Amino acid sequence: MVSRYPNPYLNQQQHENQGAPGSNDVTQNHQAANGVSGVPLAANQAYGQYAYTGQHPQPVYQQDASGAMASTAQPPSASGHDVPQQGYMPPPAGQVDQQPNAYGQGGAAINGAYTQQPGGQQYAQYAQQDMNSMQSLTAQVQNMNMTTAGQPVTAESMQPGMQPGLMPGVQPSMQPGMQPGMQPGMQPGMQPGMQPGMQPGMQPGMQPGMQPAMQGYIEEPTAPTMENAPRPRLESADVLARINDMDIKQPSVASVASSGMLQVDAMGRPIQGGAPQEQRWPATVACPPELYYNTSPRCARLTTNAFPNARSLAKKYGLPLGAVLQPMEDGAQLPVVNFGSGVVRCRRCRSYINFMCKFTQEGREWKCSMCMSMNKPASEYYAALDQNGYRVDVSRRPELFCGSYEVEAPTQYMVRPPMPPMYVFVVEVTPTAISSGLLNAAVAGIRDSLDLLPNSGRTRVGIITFDSSVHFYSFKGENHSELSTIVLPDINEVFLPTLTDRIAIPLHEGMDALKQLLDKLPEMYGAEGGAMASHAAEKSAFGAALIYGQAIVEDTGGKIMAVLCTRPKIGPGLTRDRSDNTALGTDRERHMLSPDSTFYKQKAVDLARVQATVDLIICTPTVGSFLDVATIAPLSKYSGGDLLYNPNFVIARDGHLLVESMKRMLGRETGWEAVMRIRASQGVRCKTFHGRFFLKSTDLLALPSVDPDKTFAVEFDYDDSLLEHTVFCVQIALLYTTSAGERRIRVHTIAIPIVSSVSELFSNADASATASIVARAAAENLKDKRLEDVRKSVSDTAVNTLAVYKQSDMKHQSVLGFLPESLSLYPLYIQGLLKTPLFSRDAFGLFGFRMDDKSALMHYMNVATSATTTVMGYPTILPLYPLQDYPEAGVYTEGENGVVALTLPPAMPAMKACLRSNSAVMIDDGITTIIWVGLDAIAGFSEVLVGAAETDLYSLGGACVYGDSDGEGGRVRAIIRNVRGLKRAGAPLFVVQSGSNLQARVDALMVEDRSGTQMSYVEFLVDLQSKVRRRAGTVKN
Ligand SMILES: [Zn+2]
């Protein structure tokens, strides 16, 4: 029996390899990133979080010399723990303790939020323009003892960009020797509001070791204002944390600490000293605390890191209990376990052994963490226990000390030998596809991606094109160099014109032949004398092409990547022109958001059954053209595929991005023939699943292909009205085949305490994950309920929950007297989400939002990570021009140990006031990247990016991503690429000139302001507070 795991601390050379261009080859890294054992690792991390260039290493957290967090190329090293470590690299010890989490400092509202609130200084710059708050702002700014020269500026005499109390031209609040962002009296490394001697996260008057919530209890409700309204921290590291889904409380056994059972440090490790070990570490854990590594919160993020012990308590709490899952998102290697002949599982509930399975009876029994039944280990898995009750071999058993591990699955986990990776490209070649340039871009995307596909001799690739006919390309001869084109005029009769082997050829032999064909396609179908050009070919026969693609993957499964731009108009699967954008936001829209026919859903189910998936790339070139996304998108939803939707496709602007997105979709690690099952502790079941999959049985998700970008969500419900245990466990088991043909089981286990009081639930709530699940459920309801009812349901749930909180025994610790600290950003997220075009009626008339756009948005919401939904609720806005106030922004610097890190500029609050005429900013709303350029900044910004004062916006968009890395332009590109690279592929990028027709779209993203009929954030908080007060007065405790 072999039990093996990698050395978590790869040497520097290996990290450099992983960050280097060209290191995207999965196979190469599979071998390069060896652990000390010399065993290939379970997952590679090098295919990249960085979809757009492959140039920049994946950021993780690193503390630089100044104490600031930065994105780095390397995990923290020298932690002092020489135990195996899995993918999730927690921040360095002390970091979490010192850095207040993203829920903000709850006490911020207490002691004068303006100076305490992280980012308050930046906020002041923008908040000043709100005249409602001018008086209080002025008073507070004066309280900051700012040195002013001459006559202070008053509110009446202020000009844009100035702050109260400052003379024109004086940099706000700066004194000689200060750095941007610092306040008077601050020293380098300090944060706004800190005083000398304080550590980050501390507030005035606090002693080291105190928690922010420990002081300044609120007895009377505080009215929400611009200054005290909770918002995410705006510093560089916090922006990264938000985008990267790391603004998270540590779940798992570590969170047992919060229930008073255990004191842990930032690594999730018990704090030494103090109470005896057995009192600090749950007795039910199979490993000693110093060995334990938890599951990455990005793989599984729970809505609350404590679970209610009763259905009635859950009902009282009101918010959904669930988890957002990205089972392949480990970012690094997992330990791989080989159990020999039998995988160690509970004989009763079939869950996999994990760190919560305690061995007893001198090692002859172990207790299942899910169903609590006792199991006997097979003789080859037996080991004696040491004097502390742990198996003597525990340090060689990753399954007993890692929250996540992977199993080499024996043959009984295969229904057939692993199939070769099969890729079939189905590409539209109608005149519209040619003239828009889509075919050129698609061909380039496929061509570049061929080099990224797994290519160990098993991979097969085929190409089909379609207009009003379906065209095959058959290869034969040496190196498959003899190409013949076969046109099938009768699209209603399905038969393959030649052997599948001649259409889908082995990649390692046919690479050149495939590339030659791809190069030829645009001229073959080009309108100017192309051999295959036909004006009668305008009508798309996509449905027929899909059926032929299905025939090719029938025996092997695989991936169909379909690129289309016009509505299917003939043959099977044709769709009606039922476009009616006036229905948006009305009761008629529900019908339009539902599929018009079941053809594509049925095809998806058929394909899923043969282990095939469809990635849909939809690029409609004509403004206003209708493709019926609602009807076609189920094709990717139920086959576990991707949907990439790019309306108003313009080759000059979107071509490069499409190529990069396709490279990401095809180059990332992909698991095949996968099924996923989620098990919860006895008494709890999975009620609802969200994501792209085919539900095989009540709790088994079929995923013909799965990759790190695939996000799922699950909501829990109770089978038993009362849970009898103290720890709640969730286990995600993903059985899949690697591209190299190995069958693996990836197991993630989370354990959190079961609690009996609503206070403990509020202490452990996760606002981002909760908002994410709420938004998903609401999006799915749009097809069945009135928009107004969906919106009201979201707000009412928040009111009810907060009313319960108000009646709880911890209300005296709350932010603004009605918000628990853990949920302090929850109102911000939901009011922002309710302002998105998905849930807001206002947007429709303003910026040409159409029915297809809304359908696509609904499908995006289904696979959004919690980071995506929080950014949808509160966009990330970063200054891009001028950057003179942020000399470090956009600069990669090599710190100690050769660590390369990019610094982002601090974010700005989502308010129109931050859009200044002489500036350019980046706005990331989770779905798109918008580069907003003020009128007075166009020339300067263009000069920085392209070296000329005048350029068109399309070229400017390209120059935001592509170009050299020197100078200020290089810094701008580094910022944009870094933020985009942290996300999944496919975010369209627009340059919006101030005052243009897309300005309304940008204005709607300034979610702190009023928009249309919707309240500003502060008004929303005021309204929420009064509703909570009324509700709390009428609800019995
Ligand atoms: Zn069990």
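Sequence positions are assigned chain by chain, starting from 1 and proceeding in written order. Since the coordinates come from a predicted model, pLDDT governs what is reported: local features require at least 70, and pairs of side-chain atoms require 80 or more to be given and counted, while whole-chain, interface and lining totals use all residues. For side-chain calculations, the full set of non-hydrogen atoms in the structure is used, while hydrogens and water are omitted.

With an unreviewed UniProt entry as reference, the chain is termed Protein transport protein SEC24, source organism Rhodosorus marinus.

Asks: Help me get a handle on the overall build of the chain, residues and values and all.
Replies: Where helices and strands are cited, they refer to DSSP runs of H or I of at least four residues and of E of at least two residues respectively, numbered from the N terminus. A tally of regular secondary structure across the chain gives 33 helices and 32 strands. Counting every position in the chain, which comprises 1037 residues, the buried fraction comes to 63%. Computed with a 1.4 Å probe, the accessible areas rest on the Shrake-Rupley method; for each residue, only the protein chains presented here act as cover. Taken as a whole, the chain presents about 36300 Å² of accessible surface, with 50% of it coming from carbon and sulfur. Throughout this description, buried means an accessible area under 20% of the type-specific maximum (1.4 Å probe, protein chains only), exposed means over 50%, and partly exposed covers the range between.

Asks: So, the coordination of the zinc ion: which residues are in play, and what are the values?
Replies: The coordination sphere of the zinc ion, as far as protein atoms go, consists of C346 (SG), C349 (SG), C368 (SG) and C371 (SG), spread over 2.2 to 2.3 Å. Note on donors: an N, O or S atom is included if it sits within 2.8 Å of the metal, or within 3.2 Å for Na, K and Ca, and water is never included, so sites can look incomplete. Geometry assignment treats four donors as tetrahedral when all angles are between 85 and 135 degrees, treats four as square planar and six as octahedral when opposite donors are over 155 degrees apart and all others between 65 and 115, and treats everything else as irregular. Classification of the site at the zinc ion rests on its 4 donor atoms, whose angles at the metal span 103 to 116°, yielding the label tetrahedral. Look at where the donors of the zinc ion fall in the sequence and you get C-x2-C-x18-C-x2-C. Taken together, the residues C346 in the loop between strand 7 (336–338) and strand 8 (359–360) and C371 in the loop between strand 9 (365–367) and strand 10 (374–375) connect sequence positions 25 residues apart. A single burial state applies to C346 and to C371, both of which are buried.

Asks: Any details on the sheet that holds strand 6 (residues 322–325)? Residues and values, ideally.
Replies: Taken together, 4 strands build an open sheet; the order of strands is 4-6-24-21 and the sheet is antiparallel. Each edge of the sheet is formed by a strand with only one pairing partner; in this case those strands are strand 4 (300–302) and strand 21 (684–690). Neighbour to neighbour, the strand axes of the sheet diverge by 25° on average, direction disregarded. The criterion for strand pairing is that DSSP finds at least two bridges linking the strands in question. In this structure, strand 4 lies alongside strand 6, joined through 3 bridges in antiparallel fashion. Residue pairing for strand 6: R301 is matched across the bridge by V324. Helix 23 (residues 767–781) contacts strand 4, strand 6, strand 21 and strand 24 (712–718) of the sheet and is inclined by roughly 90° relative to strand 6. With axes taken as lines fitted to C-alpha atoms, and helix axes fitted only over the stretch in contact, angles between N-to-C directions fall between 0 and 180 degrees. Two residues form a contact once any of their heavy atoms are found within 4.5 Å.

Asks: Quick one: what's the story with the packing of helix 29 (residues 938–946) against helix 31 (residues 967–981), residue by residue and with numbers?
Replies: Direction vectors running N to C along helix 29 and helix 31 enclose 90°, while the axes themselves pass 7 Å from each other. Between helix 29 and helix 31, the interaxial angle falls into the category roughly perpendicular. For the pair helix 29 and helix 31, contact is made by F941, V944 and L945 and by E968, G969, V972 and R973, respectively. Roughly parallel refers to an angle under 35 degrees, roughly antiparallel to one over 145, roughly perpendicular to one between 65 and 115, and oblique to any angle outside these ranges.

Asks: How would you sum up the UniProt feature "domain: Zinc finger Sec23/Sec24-type" (unreviewed entry) in the chain? Please name residues and give values.
Replies: UniProt's entry tags residues 344–381 with the feature "domain: Zinc finger Sec23/Sec24-type" (unreviewed entry), counted in the numbering of this structure. In residues 344–381, helix accounts for 0% and strand for 18%; the two terminal C-alpha atoms are 8 Å from one another. UniProt positions are given in the numbering used here, feature names are shortened, and annotations may be inferred rather than shown by experiment.

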